[in-house]
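The residues making up each chain are set out below.
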Amino acid sequence: KTTAGWSDFTAVPFTSQSFIANEPTLVHSGAGQLELAATDVKLNLVYGHWRDEAWGNFMTISPSQSSPPSKGFIGKPATVSSAPGQVEMVAQGLEGNLWFFQRWNGNWFVPYPVPAASTKALVSPFRDPATVLVGNKLTIVFVDGKGQLGAIAFDLETNIWGQPTVIPTKEPIQFAPA
């Protein structure tokens, strides 16, 4: 939008050639750079990077590319940028896990499940992830299968996950935490 009103838009040319199934996530990752992520109707996570006034570096991550293979990715991915052009994402899996995606120095790592169920207090399915980055620590907040608010931290420097924890609330969480 400019002072003259809304401009025309051009669709982002994702390579998956399928329709976006949910709300996309857009984050700023550095001067003139944006990171865009969404899930599509084929249960893929799709990604695009804005730089030098153009979209590029498209990636479609299918469920079979994760370890172990996922049944598919759904919902709005939670996305942060830890450095210019670097991105960390968490997406809800069709099987009830949260999946961690990371692009570091231009390379994508194999997505894997967030260890949210490593405590008996939190139960799958896990949904509605939200992320926040403080220094080199990534915190993921989510809702579990009992409607409890949960959180887990990830140290980007050591690649070590913290212990998942329940954040006490007065009533079950019905909506996304952020």
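Below, the structure is looked at part by part. All of these numbers come straight from a predicted model, not from anything done at the bench.

1. Things to note about the side chain of Ser 81
- Along the chain, the position of Ser 81 falls in strand β5 (residues 73–83).
- Within the local environment of Ser 81, its side chain forms a polar contact with the backbone oxygen of Gln 86, the two atoms lying 2.7 Å apart.
- Apart from residues no more than four positions distant in its own chain, Ser 81 is found in contact with His 28, Ser 29, Gln 86, Val 87, Glu 88 and Leu 133.

2. Concerning the nonpolar core
- Val 90, Leu 98, Phe 100, Val 114, Ile 140, Phe 142 and Trp 161 are the most contacted members of the largest nonpolar core, which totals 16 residues.
- Elements with a contribution of two residues or more to this core: β5, β7 (98–104), β11 (137–143) and β12 (149–155).
- The element that contributes the greatest number of residues to this core is β11, accounting for three residues.
- Core analysis: the second largest hydrophobic core is formed by ten residues, Tyr 47, Ile 61, Met 89 and Trp 99 among them.

3. Description of the packing of aromatic side chains
- A complete count under the given rule lists ten aromatic pairs for this structure.
- Taken together, a centroid distance of 5.1 Å and an interplanar angle of 75° make the contact between Phe 73 and Phe 101 edge-to-face. Of the two residues, Phe 73 sits in strand β5 while Phe 101 sits in strand β7, which places them 28 residues apart along the sequence.
- Looking at Phe 73, the relative accessible area reads 0%, which means it is buried.
- In this structure an aromatic cluster arises from ring pairing among Phe 100, Tyr 112, Phe 154 and Trp 161.

4. Some remarks on the layout of surface pockets
- Estimates place the volume of the largest pocket at around 400 Å³.
- Along the wall of the largest pocket there are 13 residues; nearest its centre are Thr 10, Ala 11, Val 12, Phe 14 and Leu 36.
- Its residues placed into classes, the lining of the largest pocket shows ten nonpolar, three polar and no charged.
- Of the volumes computed, that of the second largest pocket is approximately 280 Å³.

Here is what the cut-offs are and how they apply
Residues numbered from 1 in each chain as written. Predicted model: local features only at pLDDT ≥ 70, side-chain atom pairs only at ≥ 80, totals over all residues. Heavy atoms only, no water. Helix = DSSP H or I, 4+ residues; strand = E, 2+ residues; numbered from the N terminus. Polar contact = N/O pair within 3.5 Å; in protein donor to acceptor, adjacent residues only side chain to side chain. Contact = heavy atoms within 4.5 Å. Core = buried A, V, L, I, M, F, W, Y, C linked by side-chain atoms within 4.5 Å. Buried < 20%, exposed > 50% of the residue type's maximum accessible area, 1.4 Å probe, protein only. Phe/Tyr/Trp six-rings, centres within 6.5 Å; stacked < 30°, edge-to-face > 60°. 1 Å grid on protein atoms, 1.4 Å probe; cavity = no way out; pocket = protein on both sides within 12 Å on 5 of 7 lines; lining within 4 Å. Points joined across faces, edges and corners; volume = space filled by probe spheres on them. Nonpolar A, V, L, I, M, F, W, Y, C, P; charged D, E, K, R; others polar.

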